[in-house]
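# Chains, contacts and geometry: an overview
So you can see what is in the structure, the chains are spelled out below.
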Amino acid sequence: MRLAYSVETVRAAEQRLMARLPEGALMQRAAAGLAVACGDLLRRNGRVYGSRVLLLAGSGDNGGDTLYAGARLARRGAGVRALLTSPGTAHPGGLAALLAAGGQVLDGPELGAFGPVDLVVDGITGIGGRGGLRPEAAELVRAVTTSGAPVLAVDLPSGVEADTGQVLGTAVRADATVTFGAYKPGLLVDPAAEHAGALRLIDIGLGEELPERPDLEALQYADVAALLPVPGAESDKYRRGVVGVAAGSERYPGAAVLAVAGALRAGAGAVRYSGPGADAVIARFPEALVHPGPPSRAGRVQAWVAGPGLGDSSASATAVADVLATDVPVLVDADGLRLMDAGAVRARTAPTVLTPHAGEAAALLGVEREEVEAGRLAAVRELAARYRATVLLKGSTTLVAADGDAPVRVNPTGTSWLATAGSGDVLSGLTGSLLAAGLAPRDAASVGAYLHGLAARGASDGAPVAAQDVADAIPAAWRDVRA
């Protein structure tokens, strides 16, 4: 599992570690790891010896890491030049090491004349940066990054917010980022994550100094495999989990079909469908158990999915209220998010999972969509607290937050091919099946998002994909995780 910590937590851990180490040892560890990463990138396109490296070095420790790493590259035969964004406050030890190794410092007037470059190392601000880049630094970034050379960011791309994932103004768009000691939330959450490129974590010895509870976590294959519900020898359809689906309408019968598909393909023991799309559901899935409604009369279930394609009718609102009145886990998506009563959601004693996209989240919070997209972490946390629910915020990086102090989870398997009609309906059914199988809401939402992303990648293989294709690829994604 990838664990991410706030800047404050990382700074405190570094201070405790530095108190036990010789002066400068921690920076040398970081510089050594950074130099190795730079060397790996340079070798992909040639070799370190004779390569041309441009350092963008800010003040403070981040600039020091960059300059010390540049000195190591210079000693290996690279031609290293540095642009100092604050010449008067550059790290003295790092600057001296670079010059002693044969590196050069470019003067301000030479900013546009640094010539051909094989690698740009962004060490302007790092995790200490706040409020975006200053105008002169922003101009420098624009000038340098138009060269086409690969860009390696030091700890964090300059101009992005480490704790929130926000991007305020101009920011470095790196091909790769080397981060030290621990991941930072902004490296895993969009829009900042889009600027980070490939991530590489350098161990500098912070492990024992970091708390057990991170601020953000991302499940990996092994974590998901450990959570997947697998039927045993004595399993029957009820032990595997029966999912109730209240979805679809005369106008949108396909939403019902896709939600049922997601549940069945994800291993539900059975699906009970309640609503006006029964004919479409049974034609596609004869194993489904259909009922005209209301949901509470459809029969025994272990979890409900409500909302996809319900439309705006009074009958749809009644169906959502009926589902929320049950004492089993409930997932609310799409139209159900508009139709649900907030007080009824907060009053539930059984778990509730809400799965909005950014626009729906904005409506639930009473803010503009752009505010949610710019501050996804804050939005998902606020939704979970306000509705006393587990919230899966869909988007370029899907986030899962539970009411309480559990770390927010970020899904690493998302793909832009999921931006297709009906994809969210499949995710609802998939996650509902995991709820019915007994997974805790936070785990069900996290595993659902993970498998959904893997299925989309497998179904598309780089080509356009439809929602039904994603549903059909869920079993293959399941097998891949358990392999």
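Each value, and the rule that gives it
- Residues numbered from 1 in each chain as written.
- Predicted model: local features only at pLDDT ≥ 70, side-chain atom pairs only at ≥ 80, totals over all residues.
- Heavy atoms only, no water.
- Salt bridge = Lys/Arg side-chain N within 4 Å of Asp/Glu carboxyl O.
- Helix = DSSP H or I, 4+ residues; strand = E, 2+ residues; numbered from the N terminus.
- Buried < 20%, exposed > 50% of the residue type's maximum accessible area, 1.4 Å probe, protein only.
- Expected span 1.5 Å × (residues − 1).
- Contact = heavy atoms within 4.5 Å.
- Axes fitted to C-alpha atoms, helices over the stretch in contact; angles between N-to-C directions.
- Parallel < 35°, antiparallel > 145°, perpendicular 65-115°, else oblique.
- Left-handed = near helix turned anticlockwise from the far one by under 90°.
- Nonpolar A, V, L, I, M, F, W, Y, C, P; charged D, E, K, R; others polar.
- Pairing = 2+ DSSP bridges.
- UniProt positions renumbered as here; feature names shortened; annotations may be inferred.
- Polar contact = N/O pair within 3.5 Å; in protein donor to acceptor, adjacent residues only side chain to side chain.

A few words on the pattern of salt bridges. Per the stated rule, a full pass over the model turns up 17 salt bridges. Across the pair Lys184 and Asp155 runs a salt bridge, and its minimum N-O distance is 3.0 Å. Of this pair, Lys184 sits in the loop between β7 (176-180) and α6 (185-188) while Asp155 sits in the loop between β6 (151-154) and β7, and the two are 29 residues apart along the sequence. Here Asp312 makes a salt bridge to Arg338, at a shortest N to O gap of 2.6 Å. In this pair, Asp312 is assigned in the loop between β13 (303-306) and α11 (314-324) and Arg338 in helix α12 (residues 335-339), connecting sequence segments 26 residues apart. Under the relative-accessibility criterion, Asp312 is labelled exposed at 59%. Within the structure, one salt-bridge network assembled from shared partners comprises Glu217, Arg409, Arg442 and Asp443.

Our focus in this paragraph is helix α9 (residues 253-265). Under the 1.5 Å per step criterion, the end-to-end length of α9 is 19 Å for 13 residues, consistent within 8% with the ideal 18 Å. For α9, a buried count of 10 out of 13 residues is recorded, marking the element as mostly surrounded by other parts of the structure. Where α9 is buried, its residues contact β10 (242-246), β11 (270-274), α10 (278-284), α17 (423-436), α19 (467-472) and α20 (474-482). Just past α9, the residue Gly267 takes up positive phi, approximately 100 degrees.

Each packed pair of helices is defined by two parameters, the angle between the axes and the distance between the axes. It is at 11 Å that the axes of helix α14 (residues 358-365) and helix α16 (residues 376-387) come closest, and there the two elements cross at 50 degrees. It follows from the interaxial angle that α14 and α16 lie oblique. Classified by chirality, the crossing of α16 by α14 is left-handed. Contacts from Ala361, Leu364 and Leu365 in α14 reach Ala379, Glu382, Leu383, Arg386 and Tyr387 in α16. The class makeup of the residues in the contact of α14 with α16 is 6 nonpolar, no polar and 2 charged.

Here the focus is the sheet that holds strand β3 (residues 79-84). With parallel pairing, 7 strands are arranged side by side in an open sheet as β4-β3-β2-β5-β6-β7-β8. Sheet topology places β4 (104-106) and β8 (198-202) at the edges, where each strand pairs with a single neighbour. Mean inter-strand twist for the sheet, computed between neighbouring axes without regard to direction, equals 25 degrees. With 3 bridges connecting them, strand β5 (residues 119-123) and β6 associate as parallel partners. The residue bridging Val120 from the neighbouring strand is Val151, located in β6. Lying over the sheet, helix α3 (residues 60-75) contacts β2 (52-57), β3, β5, β6 and β7, oriented at roughly 165 degrees with respect to β2. Relative to the sheet, helix α5 (residues 135-145) contacts β2, β3, β5 and β6, its axis offset from that of β2 by approximately 165 degrees.

A few words now on the UniProt feature "binding site: AMP" (unreviewed entry) in the chain. Using the residue numbers shown here, the UniProt feature "binding site: AMP" (unreviewed entry) corresponds to Lys394, Gly395, Ser396, Thr397, Thr398 and Gly424. Considering the C-alpha atoms alone, the annotated residues occupy 31 residues of sequence yet fold into one spot, their largest mutual distance being 14.0 Å. Checked against the element boundaries, Gly395 lands in the loop between β16 (390-393) and β17 (399-401). Position of Ser396 relative to the elements: it lies in the loop between β16 and β17. Non-local contacts of Ser396, meaning those with residues more than four positions away in its chain, are made with Asp190 and Glu194. In this structure the side chain of Ser396 is engaged in a polar contact, spanning 2.6 Å, whose partner is the side chain of Asp190.

Strand order in the open sheet formed by 11 strands is β1-β9-β18-β17-β16-β15-β14-β13-β10-β11-β12, with mixed pairing between adjacent strands. The sheet is open, and its two edges are formed by β1 (2-4) and β12 (289-291), each paired on a single side. Averaged over all neighbouring strand pairs, the angle between strand axes comes to 20 degrees, with direction disregarded. Two strands pair when backbone bridges link them, and β1 and strand β9 (residues 216-218) are joined in this way by 3 bridges, in the antiparallel orientation.

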